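Breakdown of the fold
Here are the chains, one letter per residue:
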Amino acid sequence: MSGEKSDGSLIKTPGQFIAIIVLGFLVPVLGVALLAHFVVTSSKKIDPDQSSLQASAVEARIKPVASVVIAEPGAGAAPAVRTGEQIVKQYCVACHATGAAGAPKIGDNAAWAKFLRGGLDQMLKTAITGKGAMPPRGGAADLSNYELARAIVHMANQSGGTFKEPSAPTQAAQAPERTGEQVVQAACFRCHETGLNGAPKIGDKAAWSPRISQGVDAVTRSAIRGHGSMPARGGLAELTDKEITGAIMYMFGRAGGETPSK
Ligand code: HEC
Ligand code: HEC
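These remarks concern the structure in this document. (Residues numbered from 1 in each chain as written. Chains lettered and ligands numbered in written order. Predicted model: local features only at pLDDT ≥ 70, side-chain atom pairs only at ≥ 80, totals over all residues. Heavy atoms only, no water.)

1. Let's talk about the overall build of the protein chain
- Counting its regular elements, the protein chain contains 10 helices and zero strands.
- Listed by position from the N terminus, the elements making up the protein chain come as α-α-α-α-α-α-α-α-α-α.
- Residues counted as buried form 26% of the 262 residues belonging to the protein chain.
- For the protein chain, long-range pairs separated by at least 24 residues make up 55% of all intrachain contacts whose partners lie at least 6 apart in sequence.
- Element-wise, carbon and sulfur atoms account for 61% of the exposed surface of the protein chain, whose accessible area totals about 17300 Å². (Helix = DSSP H or I, 4+ residues; strand = E, 2+ residues; numbered from the N terminus. Buried < 20%, exposed > 50% of the residue type's maximum accessible area, 1.4 Å probe, protein only. Contact = heavy atoms within 4.5 Å. Areas by Shrake-Rupley, 256 points an atom, 1.4 Å probe, with all protein chains shown as cover.)

Encoded structure:
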């Protein structure tokens, strides 16, 4: 201890000084190089055949054949609303940019005039159901009425129309909440009526009880997520969480069993 103090420094010669500087520089560089080498070689070790085991590939394989719409992960959150311009670019220009199949061409005021006269509501109605070569919702089944209206306004206003940007639907103006029975008819019946792929049958108390006993919230979350061949939200992405609970209660309640209080 006292010896160190009297020496003052560990570096005694210019040679040692240089060695320390060089090492101080080389050691971190070598460290980085080794790390980079490790990262590169370890990622190369993935056998190309194993790519078929990667999550996305597996997911694609186990995806239920019959599912129509799978809710995005992070379910529960409503999908982001797209602007009219985005929708038109993605779905409508295929026909409406060129006038393919007799579609009124964007910017062709004469072709749009008769549709504009009908008003936005009329155009929206027709676009929802489709007409002639115009497919329902322009072929994009997942567009909400609001998004569809925005897309129509975007095209119409470049073609002689002067429509206001439709206002976002408020909670109250949205489709009225469907009853459990209606939801089941629309979305759950096709599997749960017959017990397809092991779906607990509507009214089969023995099949439902153990699932309901996890608690209403848990079983609702399970239906929102989907699992096995049960598609997320029963394949109907627009269902609200409450509608799903209602549907579950309906399927359970038909057994004449006690309806859980929650
Ligand atoms: C496959 C081609 C095609 C696509 C894609 C398409 N349309 Fe059309 N659309 C047509 C045709 C054809 C007509 C004319 C229908 C008629 O009058 O017989 C039409 C007519 C319309 C009309 C007038 C309806 C009326 O009678 O009032 C609106 C509005 C419309 N389309 C909106 C859209 C929107 C919005 C999209 C994209 C989300 C879209 N279309 C995508 C082919 C298409
Ligand atoms: C494509 C077929 C299919 C459709 C459509 C479907 N289900 Fe299912 N469902 C299943 C199958 C299969 C199971 C059993 C899954 C399992 O236990 O692995 C199941 C299980 C469930 C369960 C039990 C989940 C659990 O954790 O035990 C609930 C709740 C449920 N479904 C609700 C619904 C509701 C509500 C709808 C309609 C909105 C619906 N399902 C539509 C096939 C379907």
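Next comes the rest of the description.
2. Some remarks on the coordination of the iron atom of ligand 1
- Protein ligation of the iron atom of ligand 1 involves His-96 (NE2) and Met-134 (SD), the donor distances falling in the range 2.0 to 2.1 Å.
- Note that the iron atom of ligand 1 binds six donor atoms; their angles at the metal cover 86 to 180 degrees, and the shape is octahedral. Of the two residues, His-96 is situated in helix α4 (residues 84–96) and Met-134 in the loop between α5 (109–129) and α6 (145–156); the sequence distance between them amounts to 38 residues.
- A residue is classified by how much of its surface remains accessible, and His-96, at 9% relative accessible area, is buried. (Donors = N, O, S within 2.8 Å, 3.2 Å for Na, K, Ca; no water. Tetrahedral: all angles 85-135°; square planar, octahedral: opposite > 155°, others 65-115°.)

3. So, the coordination of the iron atom of ligand 2
- The protein atoms that coordinate the iron atom of ligand 2 are His-192 (NE2) and Met-230 (SD), at distances spanning 2.0 Å.
- Considering all six donor atoms around the iron atom of ligand 2, angles at the metal cover 86 to 179 degrees and the coordination shape is octahedral. In this pair, His-192 is assigned in helix α7 (residues 180–192) and Met-230 in the loop between α9 (216–225) and α10 (241–253), connecting sequence segments 38 residues apart.
- Exposure remark for Met-230: the relative accessible area of 26% places this residue in the partly exposed category.

4. Details of the site of ligand 2
- Lining the immediate environment of ligand 2, one finds 26 residues, of which Cys-188, Cys-191, His-192, Ser-222 and Met-230 sit closest.
- A distance of 2.5 Å separates an oxygen atom of ligand 2 from a polar side-chain atom of Ser-222.
- Separating an oxygen atom of ligand 2 from a side-chain N or O atom of His-227 is a distance of 3.4 Å.
- Every element with two or more residues in the shell around ligand 2 is listed here: α7, α8 (205–212), α9 and α10.
- Counting residues per element, the shell around ligand 2 draws most heavily on α7, at six residues.
- The residue inventory of the shell around ligand 2, partitioned by class, reads 16 nonpolar, eight polar and two charged. (Near = heavy atom within 4 Å. Polar contact = N/O pair within 3.5 Å; in protein donor to acceptor, adjacent residues only side chain to side chain. Nonpolar A, V, L, I, M, F, W, Y, C, P; charged D, E, K, R; others polar.)

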